[in-house]
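# Overview (structure and organization)
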Amino acid sequence: MVQLFVDGGGFMWPILFIFIIGFVFVGERLYHLVKGLASDEEFAINVSNTLDKSGVDPAKKLCSEGVGPVANLCGAALEKANDGQEAMEKALDQSGAIEMASMEKNMTWISLCIATAPMLGFLGTVWGMIQAFNDIKTVSYTHLRAHETPEHLVWRLVLEKKK
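This write-up is about the structure you can find in this document. Residue indices begin from 1 for each chain and proceed along its sequence in written order. It should be noted that, the model being predicted, local features are given only for residues of pLDDT at least 70 and side-chain atom pairs only at 80 or more, the latter also being counted only at that level, while totals for whole chains, interfaces and linings use all residues. Think of the side-chain values as coming from all heavy atoms in the structure, minus any hydrogens and water.

### A short note on the side chain of Arg 29
In this text, helices come from DSSP runs of H or I with a minimum length of four residues, and strands from runs of E with a minimum of two, each type numbered from the N-terminal end. Tracing the chain through its elements places Arg 29 in helix α2 (residues 12-36). We call two residues in contact whenever any of their non-hydrogen atoms come within 4.5 Å of each other. Ignoring anything within four residues of it in the chain, the contact list for Arg 29 reads Ser 102, Met 103, Glu 104, Lys 105, Asn 106, Met 107 and Ile 110.

What follows is the structure in structure tokens.
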């Protein structure tokens, strides 16, 4: 694997750097997602039972102690519990938008890494092909016939090596 990296040339270092940056952002997003899964549907059912049995304040306290988007959504709705159902729904919509933005944070950096690394790889491939053709041209121009182009030379060399 290391030999492939070394043989890849100078364009491998920026690709490695982009890989590391992308890996860090993917790790951060996975951490955020796992942390957000700490409170799930069971947490929401527990909040609902606490609300039915003990009232709004103990349910708010339970939400403030919880971690993740479900706890934040339940807490936002319970903050507006005294203002009516419409206010609760509006608070839930606003909190949902905030939680979605939080979940999508840093995704643009991951997308940038995904888009940039292959372009650098292709650029390195083209650079290597240009170097190979230049090496062939400088070594074997004396073997060219008057009507041949460097492309003909490459094909002739390939076919002659197979014989």
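### Structural notes on a nonpolar patch on the surface
Each patch is built from residues that are more than 30% exposed by relative accessible area and take part in no salt bridge. Like charges join if they lie within 9 Å; nonpolar side chains (Val, Leu, Ile, Met, Phe, Trp, Tyr) join within 5 Å. Only the protein chains shown count as covering a residue, and every accessible area follows the Shrake-Rupley method with a 1.4 Å probe. Each salt bridge in this description consists of a side-chain nitrogen of Lys or Arg and a carboxyl oxygen of Asp or Glu lying within 4 Å of one another. There is a patch of nonpolar side chains on the surface, built from Trp 13, Leu 16, Phe 19, Ile 20, Phe 23 and Val 24 and spanning about 660 Å² of accessible area. Mapped onto the elements, Leu 16 comes out in helix α2.

### Section: the side chain of Thr 50
Inspection of the secondary structure puts Thr 50 in helix α3 (residues 41-54). A 1.4 Å probe rolled over the protein chains alone gives each residue an accessible area, and that area as a share of the maximum for its type sets the label: buried under 20%, exposed over 50%, partly exposed in between. Thr 50 sits in the buried class, given a relative accessible area of 18%. Not counting the four nearest positions on each side in its chain, Thr 50 is found in contact with Gly 55, Pro 58, Ala 59 and Leu 62.

### Structural notes on the packing of aromatic side chains
Here is the rule: rings of Phe, Tyr and Trp (six-membered ring for Trp) pair when centre to centre is within 6.5 Å. Planes less than 30 degrees apart are stacked, more than 60 are edge-to-face, and the remainder are tilted. Applying the stated criterion across every chain, the model contains four aromatic pairs. Considering the side-chain rings of Phe 25 and Trp 109, the 6.0 Å spacing of their centres and the 5 degrees angle between planes classify their relative orientation as stacked. Within this pair, whereas Phe 25 is found in helix α2, its partner Trp 109 is found in helix α7 (residues 107-140), the two being separated by 84 residues in sequence.

### Brief notes about the packing of α3 against helix α5 (residues 69-79)
Viewed as axis vectors pointing N to C, α3 and α5 meet at an angle of 25 degrees, and their least axial separation amounts to 9 Å. In terms of orientation, α3 and α5 fall into the roughly parallel class. Of the two elements, α3 crosses α5, and the hand of that crossing is right-handed. Residues Phe 43, Ala 44, Val 47 and Leu 51 of α3 touch α5, and the partners they reach there are Val 70, Ala 71, Cys 74 and Leu 78. Of the residues belonging to the contact of α3 with α5, the class tally is eight nonpolar, no polar and no charged. Here an axis means a line fitted to C-alpha atoms, over the contact stretch when the element is a helix, while the angle between two N-to-C directions is reported on a 0 to 180 degree scale. Geometric relationships in this document are graded by angle, where less than 35 degrees denotes roughly parallel, more than 145 denotes roughly antiparallel, 65 to 115 denotes roughly perpendicular, and other angles denote oblique. The sense of a crossing depends on the near helix, which, turned anticlockwise from the far helix by less than a right angle, makes the crossing left-handed and, turned clockwise, makes it right-handed. Residues are grouped as follows: nonpolar covers Ala, Val, Leu, Ile, Met, Phe, Trp, Tyr, Cys and Pro; charged covers Asp, Glu, Lys and Arg; every other residue, Gly included, is treated as polar.

No statement about biological role is implied by the geometric values presented.
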